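Close look at the chain arrangement
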Amino acid sequence: MAAGPSTPSGPDLTQGISPADVPDSGMLAGHVGDEAVLVARRGTEYSAVGATCTHYGGPLAEGLLVGDTVRCPWHHACFSLRTGEAVEAPAFNSVACWRVELRDGKIFVREKIEPAPTPAHAKKPTAPDRIVIVGGGAAGFAAAEMLRREGFGGSLTMVSTDNSPPYDRPNCSKDYLAGNAPEEWMPLRPAEFYRDNDIDLRLETEVAAIDPRGRSIGLRDGKSLPFDKLLLATGAEPIRLDIPGANAPHVFVLRSLADSRAIIERAKSAKRAVVLGASFIGLEATAALRAREVEVHVAAPERAPLERIFGAEMARFVRSLHEEHGVTFHLEQKAAAIDGKSVRLENGQTLDADLVIVGIGVRPRTALAERAGLEVDRGVNVDGYLQTSAPDIYAAGDIARWPDPHSGARLRIEHWVVAERQGQAAARNMLGAGEKFTQVPFFWSQHYDVPINYVGHAEKWDDIGIEGDIAGRDCLLRYRQGGRVLAVASIYRDRESLEAEVAMEREKGS
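As the structure is a prediction and not an experimental result, all values here were calculated from the model.

About the thresholds
Residues numbered from 1 in each chain as written. Predicted model: local features only at pLDDT ≥ 70, side-chain atom pairs only at ≥ 80, totals over all residues. Heavy atoms only, no water. Helix = DSSP H or I, 4+ residues; strand = E, 2+ residues; numbered from the N terminus. Rg over C-alpha atoms; globule rule 2.2 N^0.38 Å. Buried < 20%, exposed > 50% of the residue type's maximum accessible area, 1.4 Å probe, protein only. Contact = heavy atoms within 4.5 Å. Areas by Shrake-Rupley, 256 points an atom, 1.4 Å probe, with all protein chains shown as cover. Salt bridge = Lys/Arg side-chain N within 4 Å of Asp/Glu carboxyl O. Expected span 1.5 Å × (residues − 1). Arc of directions from axis to C-beta. Pairing = 2+ DSSP bridges. Axes fitted to C-alpha atoms, helices over the stretch in contact; angles between N-to-C directions.

**Examining the overall build of the protein**
For the protein, the count of helices and strands is ten helices and 35 strands. Taking 24 Å as the expected radius of gyration for a compact globule of 510 residues, we find that the protein reaches 24 Å, a close match to that expectation. On the principal axes, the C-alpha backbone points of the protein span a range of 80 × 60 × 50 Å. Per-residue burial over the protein gives 55% buried out of 510 residues. Contacts in the protein between residues far apart in sequence, at least 24 positions, make up 59% of those at least 6 positions apart. For the protein, the exposed surface amounts to about 21300 Å²; the carbon and sulfur share of it is 47%.

This is the structure we're talking about:
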């Protein structure tokens, strides 16, 4: 789903509207000049904020009011109605606030309120002097941004093996790969953000070791960095094939912006591609290549694509959706070998390919944590505050396994929004907030013009309650175990997806 501002619609708020036009606990979209503005009502209190989500341009008026916040219907970003602040990822930029006047029985919105100044980056007595973040992905960036937003004035260093500053990784397999999102949309912040916020961003830098007792990290080049608080956000790495030809120059994995750029370049001359793995990454890449008019065959060991995540009915829909766009599936098959012109499957079938994408999953990068003696169990174990087994060392994102209050299990989830929100929570906790991470997991996947939203987490279920019509692309699926709803998947049921998220949050608090 490409970013883009919404076109202002609804009433001209400078001319006034009747209070009856805004229902209690409801919203009305209007405009001030050419700016889209949302008026929200809670009892006798009215608020007005920018009506366009700063993440991908979603229409906030179609979202949901929760307390004194509004949530975006597309990807569940959350904004304060009082300040406009983006209080929960995936949005980081605030929306504008407007002054609301009640006069002569009407509501007027005319004047934009200047945002409050951000806290000065001054050292607070109780704050650490030096914070180091290992990882330049979703969790690492969100933590650095939140630390400065919260007014942390100490030394802040972010170490990343990537050669690009933090970028919008989901778009690497979605609109950017398809050619619908330009290069300038990819950075999460412009280069000057790191300079202006005194964030020492060290790209193409590898950490060799962590010394929890000495409170320092050792870099591969022999230098060391001391820390008072450390955040591990090393993410995950693609699983590589171990078959003949797996390292050929036309074989790619898709994890980084560099990977996506390389695939785009190859796709310019490619006529036939084979995608190995019917994962989210594999299928999103498939859709992107079809947008570039490349013939695509998908080979995977699964009986149906994404059946383990979504169940049989949604899996059938996903397969048929891709087949409608000309994709050929070879399921219950693995690749045996790759040469310069083809992929040979284990059943002996040969598929022509001048481009191969391997999307067979990822594994968490836990080697640093293991060598440092941190508690690791299929991920880095953290407590409810995202602190590891070592004092003052935190972990967030794809490597973190945390106690989830909704399921009662320890989870490690490879979702972009989860990583960002964990980074934000870890940042606040490194500054002494004592805030448990309790957010409900959320992710979205894009297949052609069909977005699939998913809240919660269900590794297994007793039954799936289906509302609406999956084939008609208007549905909501509830995954239940023991009568409890563990997760909800939806297509074009955005408000209901938000309502399911809130219901799960409230259940956690009960």
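Having seen the structure, we can now continue with the description.
**Concerning the pattern of salt bridges**
Tallied over the full model, the rule gives 37 salt bridges. Residue aspartate 68 pairs with arginine 82 through a salt bridge whose shortest N-O separation is 3.2 Å. Taken together, the positions of aspartate 68 in the loop between strand S4 (64-66) and strand S5 (69-71) and arginine 82 in the loop between strand S6 (78-80) and strand S7 (86-88) put the pair 14 residues apart, joining distant regions of the chain. Exposure remark for aspartate 68: the relative accessible area of 31% places this residue in the partly exposed category. Between aspartate 392 and lysine 229 there is a salt bridge whose closest N-O contact spans 2.6 Å. Pair noted here: aspartate 392 is in the loop between strand S27 (380-381) and strand S28 (393-395) and lysine 229 is in strand S16 (residues 229-232), with a separation of 163 residues, a long-range link. Take aspartate 392: its relative accessible area is 15%, and that puts it in the buried class.

**Regarding helix H7 (residues 312-324)**
The terminal C-alpha atoms of H7, which comprises 13 residues, lie 18 Å apart, in line with the 18 Å expected from a rise of 1.5 Å per residue. Along H7, the positions that sit buried rather than exposed are Met314, Ala315, Phe317, Val318, Leu321 and His322. Along the axis of H7, the buried residues cluster in a sector spanning 160 degrees; they form a single face. Along H7, the residues that are exposed and aim more than 90 degrees away from the buried face are Arg316 and Glu324. One or two residues past the end of H7 sits glycine 326, with phi positive at roughly 90 degrees.

**A look at the pairing of strand S25 (residues 355-358)**
Side chains Leu355 and Ile357 of S25 all project onto a buried face; the interleaved residues Val356 and Val358 project onto the opposite face, where all are buried too. Across three bridges, strand S18 (residues 251-253) lies against S25 in parallel orientation. Opposite valine 251, over in S25, you have valine 356 as the bridge partner. Direction of pairing for strand S19 (residues 272-276) relative to S25: parallel, over a ladder of four bridges. Looking across to S25, one finds that valine 275 is bridged to isoleucine 357.

**Examining the sheet that holds strand S23 (residues 342-345)**
Backbone-to-backbone hydrogen bonds join strands into a sheet, with any given pair of strands oriented parallel or antiparallel. With respect to topology, three strands assemble into an open sheet ordered S22-S23-S24, the strand pairing being antiparallel. Each having just a single partner strand, strand S22 (335-338) and strand S24 (350-352) make up the two edges of the open sheet. Neighbour-to-neighbour, the strand axes of the sheet open up by a mean angle of 25 degrees, direction not taken into account. In this sheet, S24 lies alongside S23 in antiparallel orientation, the contact comprising three bridges. Pairing of serine 342 across the sheet is with aspartate 352, part of S24.

The analysis is restricted to geometry; functional conclusions fall outside its scope.
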